[in-house]
Amino acid sequence: MGKILLLNGPNLNLLGKREPGVYGNETLDRLEQDMKALGTSYETEVSCFQSNHEGELIDKLHLANEDGTQGIIFNPGAFTHYSYAIRDAVAGIQVPVIEVHISNVHAREEFRHTSVIAPAAMGQIVGLGFKGYELAFYALVDFEKGRG
Ligand code: DQA
């Protein structure tokens, strides 16, 4: 049984209410339930965590490195664009991280075009809505198979 962590950063608890024209109408709870169900069909436990606090996200990344987590699907929210501390945490763990953004950050404000985290991640998926999380899941499961 594999183990994947779904990690969401600041303001993503407001999904469904927050700028629905950009982020859609679905809630974080919906996303987490769907990802858990997807995990079950691949005999993979998907554990979910969301925080608005940088340090809590960093602690979770460190913990995932110790508890047998095989991959992390991570939407760091606005921390993407400036958190060197989160980038260092991603670079400092062995667990592969796929960075996901619901919106197409490249079609938005200039400050969203840069990710300080992406260079430390295994890959990045942007602009595909909730589908991006699902695709990241498949990539991590495949990657683990290839490794195992
Ligand atoms: C986001 C994009 C970020 O620029 C923004 O700050 C978010 C959400 C996305 O999923 O599209 O909070 O990460």
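Residues numbered from 1 in each chain as written. Predicted model: local features only at pLDDT ≥ 70, side-chain atom pairs only at ≥ 80, totals over all residues. Heavy atoms only, no water.

- As annotated in an unreviewed UniProt entry, the chain is 3-dehydroquinate dehydratase from Sporosarcina globispora.
- In its Sequence similarities (unreviewed entry) section, UniProt records this for the chain: "Belongs to the type-II 3-dehydroquinase family."
- Recorded in UniProt under Function (unreviewed entry), the annotation for the chain is "Catalyzes a trans-dehydration via an enolate intermediate." (UniProt positions renumbered as here; feature names shortened; annotations may be inferred.)

## Concerning the overall build of the chain
- Within the chain, the regular secondary structure consists of five helices and five strands.
- Each helix and strand of the chain, ordered N terminal to C terminal, gives the series β-α-α-β-α-β-α-β-β-α.
- Relative to the 2.2 N^0.38 estimate, which gives 15 Å for 148 residues, the radius of gyration of the chain is 14 Å and therefore close to what a compact globule would have.
- Taken along its principal axes, the extent of the C-alpha atoms in the chain is 40 × 30 × 25 Å.
- Expressed as a percentage of its 148 residues, the buried residues of the chain come to 46%. (Helix = DSSP H or I, 4+ residues; strand = E, 2+ residues; numbered from the N terminus. Rg over C-alpha atoms; globule rule 2.2 N^0.38 Å. Buried < 20%, exposed > 50% of the residue type's maximum accessible area, 1.4 Å probe, protein only.)

## Regarding the packing of helix H2 (residues 28-41) against helix H5 (residues 131-147)
- Direction vectors running N to C along H2 and H5 enclose 25 degrees, while the axes themselves pass 11 Å from each other. By the angle between their axes, H2 is roughly parallel relative to H5. Note that H2 runs across H5; the crossing there is right-handed. Across from Leu 31, Met 35, Leu 38 and Gly 39 in H2, the residues of H5 making contact are Tyr 133, Glu 134, Phe 137 and Tyr 138.
- For the contact of H2 with H5, the per-class residue count stands at six nonpolar, one polar and one charged. (Axes fitted to C-alpha atoms, helices over the stretch in contact; angles between N-to-C directions. Parallel < 35°, antiparallel > 145°, perpendicular 65-115°, else oblique. Left-handed = near helix turned anticlockwise from the far one by under 90°. Contact = heavy atoms within 4.5 Å. Nonpolar A, V, L, I, M, F, W, Y, C, P; charged D, E, K, R; others polar.)

## So, H2
- For H2, spanning 14 residues, the distance from its first C-alpha to its last is 20 Å, which sits close to the expected 20 Å at 1.5 Å a residue.
- Looking only at H2, the buried set comprises Leu 28, Leu 31, Glu 32, Met 35, Leu 38 and Gly 39. The buried residues of H2 occupy an angular sector of 125 degrees when the element is viewed end-on, so they sit on one face. Of the exposed residues in H2, the ones pointing more than 90 degrees away from its buried face are Thr 40 and Ser 41.
- Buried-residue contacts for H2 involve strand S1 (2-8), strand S2 (44-50), strand S3 (71-75) and H5.
- Positioned one or two residues after H2, Glu 43 has a phi angle of 50 degrees, which is positive. (Expected span 1.5 Å × (residues − 1). Arc of directions from axis to C-beta.)

## Details of the UniProt feature "binding site: substrate" (unreviewed entry) in the chain
- In the numbering adopted here, UniProt assigns the feature "binding site: substrate" (unreviewed entry) to Asn 75, His 81, Asp 88, Ile 102, Ser 103 and Arg 112. Judged by maximum C-alpha separation, these annotated positions cover 38 residues in sequence and are scattered in space, the widest gap reaching 24.1 Å.
- Here His 81 is to be found in the loop between S3 and helix H4 (84-92).
- Setting aside residues up to four positions removed in sequence, His 81 forms contacts with Val 105, Phe 111, Arg 112, Thr 114 and Val 116.
- In this structure, Ser 103 sits in the loop between strand S4 (97-101) and strand S5 (123-126).

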